[in-house]
Amino acid sequence: MDEFYELTAKNRPNINRIILLAPNHFLYGFHYIQSTNQEFTSKKSPKLDQDFIENLSKNTPLGIEPKYFEKEHGITAELSFISKYFPEATIVPIILKSNIPQDRLDPLIKEINKADLSNTLIIASIDFSHYEPEEISVENDNRTIAWLR
């Protein structure tokens, strides 16, 4: 992960916002799509882009549900890297429950695409290989990398 962030920061030094997407691993909360308006407690955590989060909550099905956000490792595992390599960037953490109806995702995608994303990095903190033997995980990772390319 360190290599990824270092290379990305080198190639995109003007990033000032990071939209951080992760699964809602524990299915906390009521909304399919959630963010938080409470800053993370670690001193090394990046600041939230409160205005962007508020806009998403007003114009999409995204709900502000901060209660369990610091327990979501899909988000918290990324925070120290973001702070290290993008110290001036704010973040928009979004967690997604599985099986989200497409009609809930579409307004979120549309609203994000309305924004000026020229200095925004979108990171998906995801893993397609939970509970798989190593050889299947490697195969899944290689397929994902090929698809992304």
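Scoring rules and cut-offs
Residues numbered from 1 in each chain as written. Predicted model: local features only at pLDDT ≥ 70, side-chain atom pairs only at ≥ 80, totals over all residues. Heavy atoms only, no water. Phe/Tyr/Trp six-rings, centres within 6.5 Å; stacked < 30°, edge-to-face > 60°. Buried < 20%, exposed > 50% of the residue type's maximum accessible area, 1.4 Å probe, protein only. Helix = DSSP H or I, 4+ residues; strand = E, 2+ residues; numbered from the N terminus. Pairing = 2+ DSSP bridges. Contact = heavy atoms within 4.5 Å. Axes fitted to C-alpha atoms, helices over the stretch in contact; angles between N-to-C directions.

Undergrad: Quick question: what am I supposed to make of the packing of aromatic side chains here?
TA: The relative placement of two aromatic rings is captured by the distance of their centres and the angle of their planes. The final tally for this structure, using the stated rule, is four aromatic pairs. Relative to Tyr-5, the ring of Phe-4 lies with its centre 5.0 Å away and its plane at 75°, an arrangement referred to as edge-to-face. For the pair Phe-26 and Tyr-28, a centre-to-centre distance of 5.6 Å together with 40° between the ring planes defines the contact as tilted. A relative accessible area of 43% means that Phe-26 is categorised as partly exposed. Through successive ring pairs, a cluster of aromatic residues spans Phe-4, Tyr-5 and Phe-81.

Undergrad: It is not clear to me how the environment of Asn-142 should be interpreted in this structure. Could you clarify?
TA: With respect to the helices and strands, the residue Asn-142 is situated in helix H5 (residues 134–148). Asn-142 sits 130 residues away from Arg-12 along the chain, and the two C-alpha atoms are 25 Å apart.

Undergrad: Where do I start with the sheet that holds strand E5 (residues 120–124) in this structure?
TA: The pairing of strands in a sheet comes from backbone hydrogen bonds and takes either a parallel or an antiparallel form. Pairing is mixed across the open sheet formed by five strands, whose spatial order is E3-E2-E4-E1-E5. Each of the sheet's edge strands pairs with one partner strand only, and the pair in question is strand E3 (63–64) and E5. Across seven bridges, the pairing between strand E1 (residues 17–23) and strand E4 (residues 90–96) is parallel. Bridged to Leu-21 within E4 is Ile-94. In the packing of helix H2 (residues 50–59) onto the sheet, contacts are made with E1, strand E2 (33–35), E3 and E4, and the angle to E4 comes to roughly 35°.

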